[in-house]
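One-letter residues, chain by chain:
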Amino acid sequence: GDSVTQMEGPVTLSEEAFLTINCTYTATGYPSLFWYVQYPGEGLQLLLKATKADDKGSNKGFEATYRKETTSFHLEKGSVQVSDSAVYFCALSGRGGSEKLVFGKGMKLTVNP
Amino acid sequence: DVKVTQSSRYLVKRTGEKVFLECVQDMDHENMFWYRQDPGLGLRLIYFSYDVKMKEKGDIPEGYSVSREKKERFSLILESASTNQTSMYLCASSSTGTGYQPQHFGDGTRLSIL
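Quantities reported herein were computed from a predicted structural model and do not represent experimental measurements.

Enquirer: How would you sum up the state of the cysteines? Please name residues and give values.
Expert: Residues and elements named next belong to chain A. The tally for this structure, following the rule as stated, stands at 2 disulfides over all chains. With its sulfur 1.9 Å from that of its partner, cysteine 23 forms a disulfide with cysteine 90. When the S-S torsion is -70°, as for the bridge of cysteine 23 with cysteine 90, the disulfide is left-handed. Linking cysteine 23 in strand S4 (residues 23–26) with cysteine 90 in strand S10 (residues 86–93), this pair joins segments that are 67 residues apart in sequence. Here cysteine 23 falls in the buried class, since its relative accessible area comes to 1%. The exposure class of cysteine 90 is buried, given its relative accessible area of 1%.

In structure tokens form, the structure reads like this:
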């Protein structure tokens, strides 16, 4: 079945450091790919998405590019802030708006001032 | 803005009790989901529903049931709670439309079974 493998952490960075969180997937067909973020004490919220190969999703300074050839969707940010401390989940879904999501295990990021 | 409300943030119950977790969304979404979140395991889908009175099993339905009598409300039921059901439970909803419609999550219910 479909699956997502991501860096699990936890990871601690200093403010303004560069961030990369690796994510690879296994899926049949052409899934849509997502990064969700969970801030402390809250539910998940969509950070960015890409629905086809070579699409780049971006939001709040974060970026990820859908790489079909390497089945990857790595999350990057050039300069992290303390407010980026959260748990990050990579996820995929099949075609269609009602498909269920398959999540990676999540990675906890702590950014220190 | 979409709001998904879970009835309790924290809940403590005893082994063998019947437990109800309630979720309400205010955006007329067709789809609703129940996940549990455990350290090192990420999120796992328990059940989902794509319409009133419709439900489908997710990846870990054993020990759980669901009810969707109204479009805005999706209830998760632990028929006879056990300690291995201690977890964080997350509800989500999404609409059905062209292109991807994101899932919107509630803040979660942290359930402890003693």
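There is more to say, and it comes next.
Enquirer: Explain the sheet that holds strand S1 (residues 4–6) of chain B residue by residue, including any values.
Expert: All names here are of chain B. Across the sheet, 4 strands lie side by side as S1-S3-S8-S7; this open sheet has antiparallel pairing. Of all the strands in the sheet, just S1 and strand S7 (64–70) have a single pairing partner and so form its edges. Strand-to-strand twist in this sheet, taken as the mean axis angle between neighbours without regard to direction, amounts to 20°. Here 6 bridges tie strand S3 (residues 19–25) to strand S8 (residues 73–78), and the two strands are oriented antiparallel to one another.

Enquirer: Residue-level account of the pairing of strand S6 (residues 44–50) of chain A, with values.
Expert: Where a strand is regular, its side chains alternate between the two sheet faces. Residues and elements named next belong to chain A. Sheet analysis places strand S5 (residues 32–38) next to S6, joined by 6 bridges and oriented antiparallel. Bridge pairing links tyrosine 36 to leucine 46 in S6. A loop of 5 residues connects S5 with S6, the two strands running antiparallel in sequence, and glycine 41 in this loop sits at a positive phi of about 75°.

The rules we used
- Residues numbered from 1 in each chain as written.
- Chains lettered and ligands numbered in written order.
- Predicted model: local features only at pLDDT ≥ 70, side-chain atom pairs only at ≥ 80, totals over all residues.
- Heavy atoms only, no water.
- Disulfide = S-S within 2.5 Å.
- Helix = DSSP H or I, 4+ residues; strand = E, 2+ residues; numbered from the N terminus.
- Buried < 20%, exposed > 50% of the residue type's maximum accessible area, 1.4 Å probe, protein only.
- Pairing = 2+ DSSP bridges.
- Axes fitted to C-alpha atoms, helices over the stretch in contact; angles between N-to-C directions.

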